[in-house]
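Examination of the molecular architecture
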Amino acid sequence: MSDPRTPGMSSVPQAAPVHTDSTSPAVEMDPVEYTLRKRLPRKLPKRRNDVYVNMKTDFRAQLARCQKLLEGGGHREICVHGLGLAINRAINIALQLQASSQGVLQLAANTSTVELVDDLEPEDPDEAGEHLTRTRNNSAIHIKVFYPDPQ
């Protein structure tokens, strides 16, 4: 069996520039020496009619929660939020809600970019390696699912 650190293997993470703060130049880091800790994303203000979709919770449970808010919760609109990989799921939930209402519900979608922060902690705490942070951007979608005003 070959050594997992052999150059040319796609499973080996490549060194990436990491910034300790916005004024310092890029620092080359060895991915073997650091552990990646992803911070939670900053969320919009949580309202009763906001639904944050993720990939861990069952799709049907998230869909049922949205239906409950629209039908039994007394809300005429809900806002479905999805970040990164959960964008497809947020879109599917909104489309399922619209289809189950026989087209009565309407959708309005907005996209955005969210800045996420990752912490890089040294593997060996005894060494003088400093904690580093890395910022990255991720796509997000915000879908307003609502009953139109009767005319």
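To be clear, the structure that these remarks concern was listed above.
Scope of this entry: the structure provided in the associated data block.

So, how was this worked out
Residues numbered from 1 in each chain as written. Predicted model: local features only at pLDDT ≥ 70, side-chain atom pairs only at ≥ 80, totals over all residues. Heavy atoms only, no water. Pairing = 2+ DSSP bridges. Helix = DSSP H or I, 4+ residues; strand = E, 2+ residues; numbered from the N terminus. Axes fitted to C-alpha atoms, helices over the stretch in contact; angles between N-to-C directions. Contact = heavy atoms within 4.5 Å. Salt bridge = Lys/Arg side-chain N within 4 Å of Asp/Glu carboxyl O. Buried < 20%, exposed > 50% of the residue type's maximum accessible area, 1.4 Å probe, protein only.

Quick word on the sheet that holds strand β6 (residues 106-122)
- Ordered by their spatial adjacency, 5 strands build an open sheet running β3-β6-β7-β5-β4, and the pairing between neighbours is mixed. Looking at strand neighbours, the two that pair on one side only are β3 (34-38) and β4 (50-53), the edges of this open sheet. Averaged over neighbouring strand pairs, the angle between their axes works out to 25° when direction is ignored.
- Its contacts with the sheet place helix α2 (residues 87-100) against β4, β5 (77-83), β6 and β7 (132-146), and it is angled at close to 5° to β7.

Regarding the pattern of salt bridges
- Per the stated rule, a full pass over the model turns up 5 salt bridges.
- Where D50 meets R47, a salt bridge forms, and the shortest distance between an N and an O atom there is 2.8 Å.
- For the salt bridge of R60 with D58, the shortest nitrogen-to-oxygen distance reads 3.4 Å.
- With a relative accessible area of 62%, R60 lands in the exposed category.
- Residues joined in a network through salt bridges with shared partners are D118, R134 and R136.

What about the pairing of β6?
- One ladder, built from 5 bridges, connects β3 with β6; its direction is antiparallel. By the bridge assignment for β6, R37 is matched with D119.
- Bridge analysis of β6 against β7 gives 15 bridges, and the strand direction is antiparallel. Looking at the pairing, T113 lines up with S139 of β7.

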